[in-house]
Amino acid sequence: MNVTPETLAGMAGGAANIATGHPFDTVKVHMQHSPQGTFKNSMDCCRHIVRSNGVRGLYRGMAAPLLGGSLECGVNFGVFYGMNNYLQGSRKGKDMDASGLVISGIVSGTVLSFILAPTELVKCRMQAGAPPGHTPYSGPMDVIARILRHEGAYGAGMWRGLGGTLAREIPGNTVFFCVYEGMRTLLPRQPCRVNGQSVGVARTLEQAGYSIISGGVAGAVFWSMVLPIDGAKTRVQAALPGSVNDIGLWQHIRKVYRQAGARGLFAGLYPTVVRAFPANAVQWLVYEVTSFCYRLAYTCETCLTQPLHQCHHDECVVDSAKPNVYFFSSVGALCSFVSNLTCHVNYGSGIHLAELTEVIT
């Protein structure tokens, strides 16, 4: 299975997702982790964060999810479409059937959980802040060091919340891809070139709009479905060993339901959905645009009308450096943008990619 194009395009989409949606995610985590009644609503929570820590507070802990989000989407898209191609066999290039979508979603959700669990643990601890009486966290590495020192690397250490992550990602990931591919059946991909000629700006914008709508809806449905599990997982990961909240996933769900009913289980739903639509819309748009840039060098006209994972002609297998020029140029431009954005948010100054490369080498 050659999943490299989907993996790298997914990484580009993942970086765009995190840069777009992290402030909303910070509000969601604060609402889920705080005692019931602390905030009137999501806007009240947002104002509290800004008053206490400034606008930077909304971006606290972004470094870890930025890395994790890129890996997450790269693995997710790569494994999902790679598995689907494997299941299709001789039918590769045809529309995906429901059974293939479900099996691929289960497999990719399982693999993805082992990446998400430790990165989301660091993010939750950073966003929730150090407990009273403890020195504030200085950054993601400080969080990791304290977890390893006090909780260990295994068991309830860096893998705290793995069960909850699996419970969220396996069904959620399946629905996520099924919704997107189902909507792209209703809003089909059309060729951007006909007989070697561009069809114009209108068709390009139309296809971009289809990606935005389909991706936004898929993300909103995903989070609306898994939010109760995600809330319980957040509490599991934010709890310190031996504390009153150091209980299991389903115990957290029952506890919240007894205290606040269904409304408590869906605390933070509004900012979550508000975040999910634009973040996933941008993610899928970047994925589609990046994968199209990869295909621009193909000589086969037919495969410019196909999703990247459905290209099935032997002559379109990447056997030269030319496609990689288009592809890696687009990925490099996005990574440079995200790198500078992250440095401005976390450190107040931009660091150029060339300077970073000099430091590393």
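The structure presented is a predicted model; accordingly, all values stated were derived computationally and were not measured. (Residues numbered from 1 in each chain as written. Predicted model: local features only at pLDDT ≥ 70, side-chain atom pairs only at ≥ 80, totals over all residues. Heavy atoms only, no water.)

**Student:** Provide a residue-level description of the overall build of the chain, including the pertinent values.
**Tutor:** In terms of helices and strands, the chain carries 11 helices and 2 strands. The helix and strand sequence of the chain, counted from the amino end, reads α-α-α-α-α-α-β-β-α-α-α-α-α. Taken across its 361 residues, the chain has 48% of its residues classed as buried. Looking at the chain alone, contacts between residues at least 24 apart form 72% of all its contacts between residues at least 6 apart. With the model as given, the accessible surface of the chain reaches about 16,900 Å², and the carbon-plus-sulfur share is 63%. (Helix = DSSP H or I, 4+ residues; strand = E, 2+ residues; numbered from the N terminus. Buried < 20%, exposed > 50% of the residue type's maximum accessible area, 1.4 Å probe, protein only. Contact = heavy atoms within 4.5 Å. Areas by Shrake-Rupley, 256 points an atom, 1.4 Å probe, with all protein chains shown as cover.)

**Student:** For the packing of helix α4 (residues 98-128) against helix α5 (residues 140-151), give the residues involved together with the corresponding values.
**Tutor:** For the pair α4 and α5, interaxial distance at closest approach is 9 Å and the crossing angle is 105°. Between α4 and α5, the crossing angle belongs to the class labelled roughly perpendicular. Taken together, the residues of α5 that come into contact with α4 (itself represented by Leu121, Val122, Arg125 and Met126) are Pro140, Val143, Ile144, Ile147 and Glu151. Along the lines of polarity and charge, the residues of the contact of α4 with α5 split into 7 nonpolar, no polar and 2 charged. (Axes fitted to C-alpha atoms, helices over the stretch in contact; angles between N-to-C directions. Parallel < 35°, antiparallel > 145°, perpendicular 65-115°, else oblique. Nonpolar A, V, L, I, M, F, W, Y, C, P; charged D, E, K, R; others polar.)

**Student:** Provide a residue-level description of the nonpolar core, including the pertinent values.
**Tutor:** Counting 17 residues, the largest nonpolar core has Phe77, Tyr81, Phe176, Phe177, Trp284 and Tyr287 as the members making the most contacts within it. Mapped onto this core, the elements with two or more residues apiece are α3 (63-88), α6 (162-186), α7 (201-238) and α9 (269-295). Residues within four places of Trp284 in sequence aside, it is in contact with Phe77, Tyr81, Phe176, Phe177, Tyr180, Ser211 and Gly215. Grouped together as the second largest cluster of nonpolar side chains are 7 residues, Leu121, Met126, Val143 and Ile147 included. (Core = buried A, V, L, I, M, F, W, Y, C linked by side-chain atoms within 4.5 Å.)

**Student:** For the side chain of Asn173, give the residues involved together with the corresponding values.
**Tutor:** With respect to the helices and strands, Asn173 occurs in helix α6. Asn173 gets classed as buried once you look at its relative accessible area, which sits at 2%. Each residue touching Asn173, except ones within four places of it in the same chain, is listed here: Asn76, Gly105, Ser108, Gly109, Leu112, Arg168 and Phe222.

**Student:** Requested: an account of the confidence of the model for the chain, with residues and values cited.
**Tutor:** Summing up the model confidence of the chain, the mean pLDDT is 76 and the portion of residues at 70 or higher is 73%. Within the chain, no element has a lower average pLDDT than helix α11 (residues 353-360), which sits at 30, and none a higher one than α6, at 93. Below a pLDDT of 50 lies the segment residues 317-361, which in the model reaches 53 contacts outside its immediate sequence neighbourhood of four places, other chains included. (pLDDT = per-residue confidence, 0-100.)

**Student:** Any chance you could break down α5 for me, citing the residues and the numbers?
**Tutor:** Across its 12 residues, α5 extends 16 Å between first and last C-alpha, which sits within 8% of the 16 Å expected from 1.5 Å per residue. By the burial criterion, the buried members of α5 are Asp142, Val143, Arg146, Ile147 and Glu151. Across the axial projection of α5, the buried residues extend over an arc of 135°, all falling on one side. Summarising the geometry of α5, the exposed residues directed more than 90 degrees from the buried face are Met141 and Arg149. Next to the buried residues of α5 lie α4. Gly152 lies just past α5 and shows a positive phi near 90°. (Expected span 1.5 Å × (residues − 1). Arc of directions from axis to C-beta.)

**Student:** Help me get a handle on the environment of Cys46, residues and values and all.
**Tutor:** As for its placement among the helices and strands, Cys46 is situated in helix α2 (residues 42-53). On the basis of relative accessible area, Cys46 is assigned to the partly exposed category, the value being 21%. Spatially, the C-alpha atoms of Cys46 and Met31 are 9.6 Å apart, while their sequence positions differ by 15 residues.

**Student:** Tell me about the packing of aromatic side chains, and name the residues and values.
**Tutor:** A full pass over the atoms with the stated rule returns 16 aromatic pairs. The interplanar angle of 10° and the centroid separation of 3.8 Å between the aromatic rings of Phe80 and Phe177 together place this pair among those described as stacked. Of this pair, Phe80 sits in helix α3 while Phe177 sits in helix α6, placing them 97 residues apart in sequence. In this structure Phe177 comes out as buried when scored by relative accessible area, which is 0%. An aromatic cluster of at least three residues, connected via ring pairs, comprises Phe77, Phe80, Tyr81, Phe176, Phe177, Tyr180, Phe222, Trp223, Trp284 and Tyr287. (Phe/Tyr/Trp six-rings, centres within 6.5 Å; stacked < 30°, edge-to-face > 60°.)

**Student:** Describe the environment of Ala220, with residues and values.
**Tutor:** Note that Ala220 resides in helix α7. On the basis of relative accessibility, which here comes to 13%, the residue Ala220 falls in the buried class. Each C-alpha atom of the pair Ala220 and Phe176 lies 9.0 Å from the other, and the pair is 44 residues apart in sequence. Contact partners of Ala220, with chain neighbours within four places excluded, come to Val273 and Ala276.

**Student:** Tell me about the side chain of Ser108, residues and numbers included.
**Tutor:** Tracing the backbone shows Ser108 in helix α4. Here Ser108 falls in the buried class, since its relative accessible area comes to 0%. Polar side-chain contacts of Ser108 include one of 2.9 Å to the backbone oxygen of Ser104. Look past the residues within four positions of Ser108 in its chain and what remains in contact with it is Asn76, Val79, Phe80 and Asn173. (Polar contact = N/O pair within 3.5 Å; in protein donor to acceptor, adjacent residues only side chain to side chain.)

**Student:** Which residues make up the pattern of salt bridges, and what values do they have?
**Tutor:** Applying the stated rule across the entire model yields 9 salt bridges. Three or more residues joined by partner-sharing salt bridges are found here, namely Glu120, Arg168, Glu169, Asp230 and Lys233. (Salt bridge = Lys/Arg side-chain N within 4 Å of Asp/Glu carboxyl O.)

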